Amino acid sequence: MAAWLLGIKTLKIQPYHLPTLGPQDVKVRIKALGICGSDVHHFKVKKLSTMRCANFIVKKPMVIGHECAGIIEEVGSEVKSLEVGDRVALEPGISCGHCSLCKAGSYNLCPEMRFFGSPPTNGSLAHKVVHPAKLCYKLPDNVSLEEGAMCEPLSVGVHACRRANVGPETNVMIMGSGPIGLVTLLAARAFGAPRIIITDVDVQRLSIARNLGADETAKVSTDIEDVDTDVGKIQNAMGSGIDVSFDCVGFDKTMSTALNATRPGGKVCLIGLAKTEMTVALTPAAAREVDVIGIFRYRSTWPLCIEFLRSGKIDVKPLITHRFGFTQKEIEDAFEISAQGGNAIKVMFNL
Amino acid sequence: MGKGGMSQGEKKDGEEVNMAAWLMGVNTLKIQPFELPSLGPYDVLVRMKAVGICGSDVHYLKTLRCADFVVKEPMVIGHECAGVIEKVGSEVKTLVPGDRVALEPGISCWRCDHCKGGRYNLCPEMKFFATPPVHGSLANQVVHPADLCFKLPDNVSLEEGAMCEPLSVGLHACRRANIGPETNVLIMGAGPIGLVTMLGARAFGAPRIVIVDVDDYRLSVAKELGADNIVKVSTNLQDIAEEVEKIQKAMGTGIDVSFDCAGFNKTMSTALSATRAGGKVCLVGMGHLEMTVPLTPAAAREVDVVGVFRYKNTWPLCLEFLRSGKIDVKPLITHRFGFSQKEVEEAFETSARGGTAIKVMFNL
């Protein structure tokens, strides 16, 4: 059985026929699955009454969900690295392996990418899925299945920190203290960032960030008029130059704030995908050689995430705020809670 | 030698009076005396021989400002220059009177973190010729630090020396964007900056270069200077999708790096859409301050936006490219004027017109 997205705000647990197990595939019994903002977005009513997320439009029923971990139940004939009973975290996206982007290592940008829960590819909120063995990573004994499922959102933060070259000399500013802002905070700290400031409009989320180790927090508004005041607040809170800013929200306001607050020669990493067209003061930023770095999902991050979790350098457990089982009513409740935001950071299914 | 007469002050007590072109007010330039500071131990006194006009010089003339820089009192204009050493300070060992040199305009502090890190172009204390309140170099003579004066090889003219300044913008952009033998390049805008960027990209080994502009004449100049393909575009935002297709066809393969040498919503949006996933868009032009662009779809394809501000450590490379012939800037110099009141006014008028005027050069 799986949770199918049948229409707007309509999820139904129904049978899900799996493909046959290829020689390089494994069959995984899903045990833990987190809800992502993109899952909620596919689920909710959109202005034009279509179900969409950026360029992906849901045209036919689709199984939802992609942040997952489980236990191997069956292995394909050529699979040597995994065996039945292994606890694994799953990397959702299957890339082609042939195109120039894949061969260059930027497989996250593969135009033929098939990604759990990105139409038309079925997701993994199901009892079982079939998946390539090379995208299933064995969990160390001290890393739980829920933490395994958290590797997916954590990977976004890790990939962003790599692209932005976060290290022991980079003071970091994070706009947005939601799930993505928080995993970016955890990743930045693990990469050695000496000082991390985080901003949000919601004081509750800021206090969570503080508990997770942010050096300083700053409350900001949604009013574009306040950019200059917010920049002043943020720079004061940092106390020294801001080397890298992560916009984990992606609005005109947050991007403008980040571009202004970052020191000359620094970087602004755009992770949040809120808007398509943005009106920002790009030229003054470019004239201070503040570069804008784009982030799309992640690449080659699972081994590092798992190591960070194994060693305790990163603790994602506080991000899991709500848990649900796999029944019709519970999946509906779960999506409702996740959509609400607020004190719901990561909503997790236990199957 | 330029046409027309030369403006030089009468000798006063046997001493020459140094004259310069002063920006007195909007659209008002006046050749007047310019008193030079005394020569420090690490300075040189340079007799100016060639000075080019930049778009920023024209902008100051018309509006008395450029972004956050405002002209509050009369200022000598001009910064793209080369000349002959007349005197050297007591500690100067690398240059002697008679040396032909190209001048790098900006004096940075050498104490701040940016300077110490090598990114001195970002120094907050930068003193740059003709960026208020610092006087420029359209004058008979200037005093300048010796370490910012670069000796010209014998086969490089003074005019080419003056061209090192705009060329530096192109080279710095190519460095920041990592241009090399595998980067296919798109250039938005075939004006002076688009053209020096194209020359730079070719010198850095770019295998294929497509350049776009709204102006047929400028496109033809670009083709003559070696563009692989040219595309005429409009100023209309509605045309973006169609133009992106045209441009990608003209390239024939993925566009790795785009240089926006115009800096408008249209050009930036076109560049962001046309560049391949994982590529870079280098924003060189400063058309608009605030821009409305599809930044998120670009970021979601990991197309990075790289900023460029002036240049750093580019003169030696410029001079080597010119010496070896790998770059030929001479075709960019389309108009020449002498240093007289009338000619200074005409020169700026010509430069402001754009069109067939690429680089307007003073010969003093």
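Higher on the page you've got the structure.
What counts as what
- Residues numbered from 1 in each chain as written.
- Chains lettered and ligands numbered in written order.
- Predicted model: local features only at pLDDT ≥ 70, side-chain atom pairs only at ≥ 80, totals over all residues.
- Heavy atoms only, no water.
- Disulfide = S-S within 2.5 Å.
- Buried < 20%, exposed > 50% of the residue type's maximum accessible area, 1.4 Å probe, protein only.
- Core = buried A, V, L, I, M, F, W, Y, C linked by side-chain atoms within 4.5 Å.
- Helix = DSSP H or I, 4+ residues; strand = E, 2+ residues; numbered from the N terminus.
- Contact = heavy atoms within 4.5 Å.
- Pairing = 2+ DSSP bridges.
- Axes fitted to C-alpha atoms, helices over the stretch in contact; angles between N-to-C directions.
- Buried area = accessible area lost by both parts, 1.4 Å probe.
- Salt bridge = Lys/Arg side-chain N within 4 Å of Asp/Glu carboxyl O.
- Polar contact = N/O pair within 3.5 Å; in protein donor to acceptor, adjacent residues only side chain to side chain.
- Nonpolar A, V, L, I, M, F, W, Y, C, P; charged D, E, K, R; others polar.

(A) Quick peek at the state of the cysteines. Tallied over the full model, the rule gives zero disulfides over all chains. The closest cysteine sulfur to the non-disulfide-bonded A:C305 is located on A:C151, 5.1 Å from its own sulfur. Here B:C109 stays free of any disulfide, with the sulfur of B:C112 as its closest cysteine sulfur at 3.7 Å. The class of B:C109 is buried, set by a relative accessible area of 16%.

(B) Region of interest: the nonpolar core. All names here are of chain A. Core analysis: the largest hydrophobic core is formed by 66 residues, its most contacted members being V166, V172, L185 and F246. Those elements giving two or more residues to this core turn out to be α2 (100-103), α3 (145-163), β13 (172-175), α4 (179-190), β14 (196-200), α5 (203-211), β16 (244-247) and α9 (302-311). At nine residues, the largest contribution of residues to this core is made by α3. Here F246 is in contact with A160, C161, A164, V166, V172, M173, I174, M175, T184, C269 and I271, once residues within four sequence places are set aside.

(C) Region of interest: the sheet that holds strand β2 (residues 10-14) of chain A. Residue and element names in this part refer to chain A. Reading across the sheet, the three strands line up as β2-β1-β6 and stay open at both edges, with antiparallel pairing between neighbours. Of all the strands in the sheet, just β2 and β6 (62-63) have a single pairing partner and so form its edges. Inspection of the sheet shows strand β1 (residues 2-7) paired to β2 by five bridges, in the antiparallel sense. Counterpart to G7 in the pairing with β2 is T10. Here helix α10 (residues 328-340) sits on the sheet and contacts β1 and β2; the angle it forms with β2, its principal contact strand, is near 150 degrees.

(D) Focus on the interface of chain A and chain B. In this complex, chain A contributes 33 residues to the contact, which on the side of chain B involves 33 residues. For the chain A face of the interface with chain B, the top three residues by lost area are A:L282, A:T283 and A:E289, together amounting to 24%. There are six salt bridges connecting chain A and chain B. The shortest N-O distance in the salt bridge between B:R176 and A:E289 comes to 3.9 Å. Where chain A touches chain B, the interface holds 22 residue pairs in polar contact (both at pLDDT 80 or more). Put simply, the parts of the chain that give the side of chain A that touches chain B at least two residues each are α3, β18 (278-280), α8 (282-286) and β19 (291-294) of chain A. Of the residues assigned to the side of chain A that touches chain B, the class counts are 17 nonpolar, eight polar and eight charged. Direction of pairing for β18(A) relative to strand β18 (residues 291-293) of chain B: antiparallel, over a ladder of three bridges. By the bridge assignment, A:V280 is partnered in β18(B) with B:M291.

All we've got here are geometric facts, nothing functional implied.
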